[in-house]
Amino acid sequence: MNPVLLAATPLNPLYLAALEGRYTVIGPMSHEMLAVHADRECIEVIAAGGESKVPPAMMDALPALKLISVMGVGYDGVDVPHAISRSAMVTHTPNVLNDDVADLALALMLNITRRLPQADAFVRQGLWAKGSMPLATKLSGLRLGIVGMGRIGQAIATRALAFGMPIAYTARSNKPDLPYTFFASVKELASQVDVLTLITPGGASTHHMVNAEVLQALGPTGYLINVARGSVVDEVALVHALSTHVIAGAGLDVFEHEPYPHAQLLALDNVILTPHVGSATDSTRQAMADLAALNIERYFANEPVETPVPECSNRK
Ligand code: NAP
């Protein structure tokens, strides 16, 4: 009989396909339904997505739980300390999505500064024959500040170098091996750059890291790009900053309450909105699904998992 896995939330079809045939996937289901499910006591693995919530109650309904395999690099929806207290391993899918997320960050920078959605609408609406579009802002050469200089932050920096952008960053720690300028605080970084790009994890430690004060420091010619998590930005403060031109514009892939961006964002002309598509290409999602499934395969083969989250990396 195939092992039974619990899906925390609806799984990406590529992840489901990678599990098909080898496992029986049940769920998602309410805690009440899970509490009375016939297979509850034998489920050892929860399969989850990057935005899935895996709270203690879900874990505690599964006495045999040993692994939570997240298809995504961010795992702020998983209560990792609780998983560890239950002796369960948490895995994620780092690296395979670096290129896509970094590409999207650059795409958002180009779109907001060169006003590409407005340019496209200008042509479609037949306005071109009546005159020229207003001039835009040059991206090449603008100073870039990256908040989070990890795997994806470094991929963004590599791309931005080709655009002649001087690069500075903040992170939990200085990285003296990198040829970029370190600032200890987001506010200080924001005051020194033209484009502030966020690529940290979500969760309590980065909650509302970008607030009204940071936006004020970024200033009226500054742009904010968020490809990290919606929780990193105080969205109400951002709406105010955009509508009163405290900052010039923003490119946002993530929002505080997905899939519902703040209603006022939808009416603003100086913001580009994308529906959390940082890693949303065929090849990358396939690689993420394969890696998430590989971690499960390794667990059942009694082998070390491929990509544990850092908090679990010294556990077997
Ligand atoms: P990573 O390699 O772990 O890098 C995270 C970076 O954030 C590190 O430089 C880290 O600092 C910094 N950081 C963490 N907590 C911080 C804090 N409290 N204050 C300041 N800096 C902090 O992760 P990654 O693979 O680059 O992914 C980063 C994040 O991108 C993910 O966690 C996820 O939230 C987001 N993401 C979004 C999408 C999307 O679709 N938009 C897709 C993938 C990932 P240190 O280097 O000093 O530890």
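In this text the structure is predicted, and so the values were computed from the model without any measurement.

1. Some words on the overall build of the protein chain
Right, so step 1: Across its full length, the protein chain carries 11 helices and 12 strands.
Right, so step 2: The C-alpha atoms of the protein chain give 21 Å as radius of gyration, which agrees with the globular expectation for 316 residues (20 Å, within 12%).
Right, so step 3: Across the 316 residues that make up the protein chain, the buried fraction comes to 47%.
Right, so step 4: Relative to all contacts within the protein chain whose residues are 6 or more apart in sequence, the contacts with residues 24 or more apart total 60%.

2. Some thoughts on unusual backbone geometry
With the exception of glycine, the majority of residues adopt a negative phi angle, and the majority of peptide bonds are in the trans configuration.
Right, so step 1: Residue P28 is reached from G27 by a cis peptide bond, and omega for that bond is 0°.
Right, so step 2: Assignment of secondary structure puts P28 in the loop between β2 (24–26) and α2 (31–35).
Right, so step 3: Residue S87 is not a glycine yet carries a positive backbone phi of 60°.
Right, so step 4: Note on placement: S87 falls in the loop between α4 (80–85) and β5 (89–91).
Right, so step 5: A positive phi angle, close to 60°, is found at N302, a residue other than glycine.

3. A look at the site of the ligand
Right, so step 1: By nearness alone, 28 residues border the ligand, and R151, I152, R172, S173 and K175 come closest of all.
Right, so step 2: In the model, an oxygen atom of the ligand is placed 2.8 Å from a nitrogen or oxygen of the S173 main chain.
Right, so step 3: Backbone polar atom of V227 to a nitrogen atom of the ligand: 3.0 Å apart, as the coordinates give it.
Right, so step 4: Protein burial of the ligand: of its 940 Å² of free accessible surface, 88% is covered by the chains.

4. Things to note about the layout of surface pockets
Right, so step 1: Looking at the second largest pocket, its volume works out to about 340 Å³.
Right, so step 2: Of the residues belonging to the lining of the second largest pocket, the class tally is six nonpolar, seven polar and seven charged.

5. Brief notes about the sheet that holds β5
Right, so step 1: If you trace the five strands from one edge of the open sheet to the other, you get β2-β1-β3-β4-β5, paired in parallel fashion. Each having just a single partner strand, β2 and β5 make up the two edges of the open sheet. Between one strand and the next, the sheet's axes are offset by a mean angle of 25°, whatever the strand orientation.
Right, so step 2: Pairing between strand β3 (residues 45–49) and strand β4 (residues 67–71): five bridges, direction parallel. By the bridge assignment, I46 is partnered in β4 with I68.
Right, so step 3: Helix-sheet contacts for helix α11 (residues 282–300) involve β1 (4–7), β3, β4 and β5, and the interaxial angle to β4 is about 170°.

Definitions and cut-offs
Residues numbered from 1 in each chain as written. Predicted model: local features only at pLDDT ≥ 70, side-chain atom pairs only at ≥ 80, totals over all residues. Heavy atoms only, no water. Helix = DSSP H or I, 4+ residues; strand = E, 2+ residues; numbered from the N terminus. Rg over C-alpha atoms; globule rule 2.2 N^0.38 Å. Buried < 20%, exposed > 50% of the residue type's maximum accessible area, 1.4 Å probe, protein only. Contact = heavy atoms within 4.5 Å. Near = heavy atom within 4 Å. Polar contact = N/O pair within 3.5 Å; in protein donor to acceptor, adjacent residues only side chain to side chain. Areas by Shrake-Rupley, 256 points an atom, 1.4 Å probe, with all protein chains shown as cover. 1 Å grid on protein atoms, 1.4 Å probe; cavity = no way out; pocket = protein on both sides within 12 Å on 5 of 7 lines; lining within 4 Å. Points joined across faces, edges and corners; volume = space filled by probe spheres on them. Nonpolar A, V, L, I, M, F, W, Y, C, P; charged D, E, K, R; others polar. Pairing = 2+ DSSP bridges. Axes fitted to C-alpha atoms, helices over the stretch in contact; angles between N-to-C directions.

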